[in-house]
Amino acid sequence: MKIYQVERPLVATNRIPGLEHKHLQVVRDGSASAVAVDSVGCTPGDWVICVGSSAAREAAGSKEYPSDLTIVGIIDHWPPQEDA
């Protein structure tokens, strides 16, 4: 599991049938951005817990689901690290 911050929703109207109506979010881990399946209903600015690999597919709803990264929890309080 890794901690990310949600930047914004990602809208993709043309999708493969397996993606159905799942929401996608752009998340940031430091300087790198990624796209995650939103299984919990988060909003921009939320700090979230994400899982990857086979855990991401199962968390999104099925082992056959095409996901590399899935949001599985919203962190209630996560202070950003202070710049040194």
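It should be emphasised that the depicted structure is a prediction, and the values quoted were computed from it without experimental measurement.

J.: Looking at this structure, I do not really get the nonpolar core. What am I missing?
T.: Most often, soluble globular proteins keep nonpolar side chains buried together rather than apart. Ranked by size, the top nonpolar core spans nine residues in total: Tyr 4, Val 6, Val 27, Ala 36, Cys 42, Val 48, Cys 50, Leu 69 and Ile 71. For this core, the secondary-structure elements that each account for two or more residues are strand 1 (2-10), strand 4 (47-52) and strand 5 (69-74). Ignoring any residue separated from it by four or fewer positions in sequence, one finds Val 6 in contact with Gln 25, Val 26, Val 27, Cys 42, Thr 43, Pro 44, Gly 45, Asp 46, Val 48 and Ile 71. Within the second largest apolar cluster, five residues are counted, among which are Leu 19, Leu 24, Val 37 and Ala 60.

J.: I'm lost on the confidence of the model for the chain in this one. Help?
T.: Where the model shows low pLDDT, its predicted coordinates should not be examined in detail. Here the chain shows a mean pLDDT of 84. Residues at 70 or above account for 92%. The lowest-confidence element of the chain is helix 1 (residues 53-59), averaging 77 in pLDDT; the highest-confidence one is strand 1, averaging 95.

J.: Looking at this model, I keep getting lost on the sheet that holds strand 4. Mind explaining?
T.: Within a sheet, each strand pairs with its neighbour through backbone hydrogen bonds, oriented either parallel or antiparallel. Around the barrel, five strands lie side by side as 1-2-3-5-4; this closed barrel has mixed pairing. Taken over all neighbouring pairs, the strand axes of this sheet differ in orientation by 55° on average, direction set aside. Note that strand 3 (residues 32-38) and strand 5 share two bridges and pair parallel. Counted as the bridge partner of Asp 38 is Ile 71 from strand 5.

Thresholds applied
Residues numbered from 1 in each chain as written. Predicted model: local features only at pLDDT ≥ 70, side-chain atom pairs only at ≥ 80, totals over all residues. Heavy atoms only, no water. Core = buried A, V, L, I, M, F, W, Y, C linked by side-chain atoms within 4.5 Å. Buried < 20%, exposed > 50% of the residue type's maximum accessible area, 1.4 Å probe, protein only. Helix = DSSP H or I, 4+ residues; strand = E, 2+ residues; numbered from the N terminus. Contact = heavy atoms within 4.5 Å. pLDDT = per-residue confidence, 0-100. Pairing = 2+ DSSP bridges. Axes fitted to C-alpha atoms, helices over the stretch in contact; angles between N-to-C directions.

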